[in-house]
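# Structural characterization, general
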Amino acid sequence: MDTMMRLRSEYPVVIFSKTNCCMSHAIDTLIRSYGANPMVYELDQHPNAQQIDKELMGLMGCNPCVPAVFIGKDFVGGSNEIMSLNVRGKLKPLLIKAKAIWI
């Protein structure tokens, strides 16, 4: 939990991902298309990944638990939630509010 809390407090957008997850890559690309520079934490490249994976599974209630996206310290959801926000025109305002983008 310390790693998750630290990252959320240091970065306006955090994506918990795995290097082989195509949906994580798609969500990262979508958020970057707005000009944001998310912190992407690749779970499969860190020793404490199993603990974070469990915590994310608890938040999301499903497996796989990536991508898991935090915007402005708040858990927003996974790929379905991010895509839905984007389609409804609500992703950009969230990124602006979190100061991840300025325009």
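Refer to the structure printed above.
Reference entry: report on the structure contained in this document. (Residues numbered from 1 in each chain as written. Predicted model: local features only at pLDDT ≥ 70, side-chain atom pairs only at ≥ 80, totals over all residues. Heavy atoms only, no water.)

### Observations regarding the packing of aromatic side chains
The full count for this structure, using the stated rule, is three aromatic pairs. On the basis of an interplanar angle of 80° and a centroid distance of 5.8 Å, the ring pair of F16 and F70 is categorised as edge-to-face. Of the two residues, F16 sits in strand β1 (residues 13–17) while F70 sits in strand β3 (residues 68–71), which places them 54 residues apart along the sequence. An identical accessibility class is assigned to F16 and F70; each is buried. (Phe/Tyr/Trp six-rings, centres within 6.5 Å; stacked < 30°, edge-to-face > 60°. Helix = DSSP H or I, 4+ residues; strand = E, 2+ residues; numbered from the N terminus. Buried < 20%, exposed > 50% of the residue type's maximum accessible area, 1.4 Å probe, protein only.)

### A short note on the side chain of E42
Here E42 lies in strand β2 (residues 39–42). Although buried, E42 forms no salt bridge, and the nearest oppositely charged side chain, R32, lies 8.2 Å from it. When near neighbours in sequence (up to four residues on either side) are disregarded, E42 contacts S17, K18 and T19. (Lys, Arg positive; Asp, Glu negative; His and termini not counted. Salt bridge = Lys/Arg side-chain N within 4 Å of Asp/Glu carboxyl O. Contact = heavy atoms within 4.5 Å.)

### Topic: unusual backbone geometry
Unlike most non-glycine residues, K73 shows phi in positive territory, near 75°. As for its position among the elements, K73 is in the loop between β3 and β4 (74–77). Assessed through its relative accessible area of 49%, K73 is described here as partly exposed. Here K99, not a glycine, exhibits a phi torsion of approximately 65°, which is positive. Note that K99 resides in the segment after α5 (91–97).

### A short note on helix α2 (residues 22–33)
The end-to-end C-alpha distance of α2, which contains 12 residues, comes to 16 Å, matching closely the 16 Å that a straight helix rising 1.5 Å per residue would cover. The complete set of buried residues in α2 reads S24, I27, D28, L30 and I31. Projected down its long axis, α2 shows its buried positions confined to an angular sector of 160°, all on one face. Looking at α2, the residues exposed on the side facing more than 90 degrees away from the buried face are C22, H25 and S33. (Expected span 1.5 Å × (residues − 1). Arc of directions from axis to C-beta.)

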